[in-house]
Amino acid sequence: MSDPKQHEIAGHLTVAAGNGGLTKLLIETPWSTAEIHLHGAHVTDFRKTGEPPLLFISAASEFAPGKAIRGGVPVIFPWFGPREGFPAHGFARTAEWHLTRASRTREGAVTLHLSLPDAGDFEVGYRIVVAETLTLSLIVTNRGSAAAVFETCLHTYFQISAIDAVSLNGLTGTRYFDKLLDAEAVETAPALKIGSEVDRVYQDTAATVEIVDPGFQRRIRVAKSGSASTVVWNPWIDKSKRMADFGDEEYRQMVCVESGNIAGHAVTLAPAQRAVLQAELSSLALD
Ligand code: BG6
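Calculation rules
Residues numbered from 1 in each chain as written. Predicted model: local features only at pLDDT ≥ 70, side-chain atom pairs only at ≥ 80, totals over all residues. Heavy atoms only, no water. Pairing = 2+ DSSP bridges. Helix = DSSP H or I, 4+ residues; strand = E, 2+ residues; numbered from the N terminus. Axes fitted to C-alpha atoms, helices over the stretch in contact; angles between N-to-C directions. 1 Å grid on protein atoms, 1.4 Å probe; cavity = no way out; pocket = protein on both sides within 12 Å on 5 of 7 lines; lining within 4 Å. Points joined across faces, edges and corners; volume = space filled by probe spheres on them. Nonpolar A, V, L, I, M, F, W, Y, C, P; charged D, E, K, R; others polar. Phe/Tyr/Trp six-rings, centres within 6.5 Å; stacked < 30°, edge-to-face > 60°. Buried < 20%, exposed > 50% of the residue type's maximum accessible area, 1.4 Å probe, protein only. Near = heavy atom within 4 Å. Polar contact = N/O pair within 3.5 Å; in protein donor to acceptor, adjacent residues only side chain to side chain. Areas by Shrake-Rupley, 256 points an atom, 1.4 Å probe, with all protein chains shown as cover. Sits in = over half its atoms within 2 Å of the grid points.

### Some points on the sheet that holds strand β4 (residues 42–48)
Turning to step 1, where the next piece is worked out: If you trace the four strands from one edge of the open sheet to the other, you get β1-β2-β3-β4, paired in antiparallel fashion. If you trace the sheet from one side to the other, it starts and ends with β1 (13–17) and β4, each paired once. Taking each pair of neighbouring strands and ignoring which way they run, the sheet shows an average axis angle of 20 degrees.
Turning to step 2, where the next piece is worked out: For strand β3 (residues 32–37) and β4, the ladder comprises six bridges, and the chain directions are antiparallel. Bridge pairing in β4 links Glu 35 to Asp 45.

As structure tokens, this is what we get:
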């Protein structure tokens, strides 16, 4: 593996020892800072100057080879959810990715290109643009000779002031699969409030979702392209207690709004075709 240090940009991109001795990249821009672990190509921090972190990261998270990091933006590929005999949510989030390129614009935006080794017939790249917003693009090319099917998800954990203070906009009228009830339904809430465990895959939706957070006086915006599924997840009380790498009370400070292509919306690529899943994460002051 090439040394990521060769891509350092003085004062703007630094390679450092991350948690658990993993390698992390520290980014500084005129608007924001970010931290990316090569383990999982995992964005573990993004914050705008003067604002609380945009991303939640569990104080109980493991940072170790073979283990998924709890929080930030896990990259889910090539399957979402459990798979008999294989790790849940695919192998990308526990793989050691390579940093292949980095650049900085005159204005100060920093772009990183990472690649996932040993992905079989898939060529998998991940572009991260750190600026006033955080733009994540997962780029999958089928290098095989037959059509290939896969799922993707940018499993984003957001930091919120309090779960009972926030509401989610953008999903009204959307059909979803409720993983807890094993049933489909249509979202009727004009603004979704979370007051119990939620695990839903919204289907056929390209809509921007906003998390309105009066406690932090901000609106988090998840805008996406190349994605037909949006997952909303909060483990609530009992599941939080069952998860070893998540604090019992941390469900109050986070919500996942995930952009992906799941189940009936899995991606099929003919040989040499490419699919790009992109999510732009931003925050705006509440009026
Ligand atoms: C969500 C799934 O996206 O991820 C949930 O919809 C799952 O069902 C959650 O519990 C966390 O998964 P994991 O593998 O990181 O514990």
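### What about the layout of surface pockets?
Turning to step 1, where the next piece is worked out: Here the largest pocket is characterised by a volume of approximately 310 Å³.
Turning to step 2, where the next piece is worked out: What lines the largest pocket is a set of 16 residues, among which His 89, His 155, Lys 179, Trp 233 and Lys 239 lie closest to the centre.
Turning to step 3, where the next piece is worked out: When grouped by side-chain class, the residues that make up the lining of the largest pocket number seven nonpolar, three polar and six charged.

### Structural notes on the sheet that holds strand β8 (residues 122–130)
Turning to step 1, where the next piece is worked out: Read from one edge to the other, the open sheet built from eight strands follows the order β6-β7-β8-β9-β22-β18-β17-β13, with strand pairing classed as antiparallel. Edge positions in the sheet fall to β6 (98–104) and β13 (167–169), since each of these pairs with one other strand and no more. Along the sheet, successive strands turn relative to each other by an average axial angle of 15 degrees, direction set aside.
Turning to step 2, where the next piece is worked out: Inspection of the sheet shows β6 paired to strand β7 (residues 110–115) by six bridges, in the antiparallel sense. By the bridge assignment, His 98 is partnered in β7 with Ser 115.

### What about empty space enclosed by the protein?
Turning to step 1, where the next piece is worked out: A full pass over the atoms with the stated rule returns one cavity of 30 Å³ or more.
Turning to step 2, where the next piece is worked out: Taken together, Phe 46, Arg 47, Lys 48, Glu 51, Pro 52, Pro 53, Leu 54, Arg 218, Ser 282 and Ser 283 make up the full set of residues lining the largest cavity.
Turning to step 3, where the next piece is worked out: For the lining of the largest cavity, the elements supplying multiple residues, two or more each, are β4 and β22 (274–285).
Turning to step 4, where the next piece is worked out: No other element matches the three residues that β4 contributes to the lining of the largest cavity.
Turning to step 5, where the next piece is worked out: For the lining of the largest cavity, the class distribution of residues is four nonpolar, two polar and four charged.

### Quick look at the packing of aromatic side chains
Turning to step 1, where the next piece is worked out: Under the defined criterion, the tally for this structure stands at twelve aromatic pairs.
Turning to step 2, where the next piece is worked out: For the pair Tyr 176 and Tyr 202, a centre-to-centre distance of 5.0 Å together with 45 degrees between the ring planes defines the contact as tilted. Residue Tyr 176 is located in strand β14 (residues 175–178), and its partner Tyr 202 is located in strand β16 (residues 198–202); the two are separated by 26 residues in the primary sequence.
Turning to step 3, where the next piece is worked out: For Tyr 176, a relative accessible area of 8% gives the class buried.

### Some points on the site of the ligand
Turning to step 1, where the next piece is worked out: Residues in contact with the ligand, as listed here, are Arg 70, Phe 80, His 89, Arg 93, His 155, Lys 179, Asp 199, Val 231, Trp 233, Lys 239 and Glu 258.
Turning to step 2, where the next piece is worked out: With respect to the ligand, the side chain of His 89 contributes an N or O atom lying 3.1 Å from an oxygen atom.
Turning to step 3, where the next piece is worked out: Notes on the ligand: free accessible area 390 Å², of which the protein chains cover 85%.
Turning to step 4, where the next piece is worked out: More than half of the atoms of the ligand fall within 2 Å of the grid points belonging to the largest pocket.
Turning to step 5, where the next piece is worked out: When the residues that make up the shell around the ligand are grouped by side-chain class, the tally is three nonpolar, two polar and six charged.

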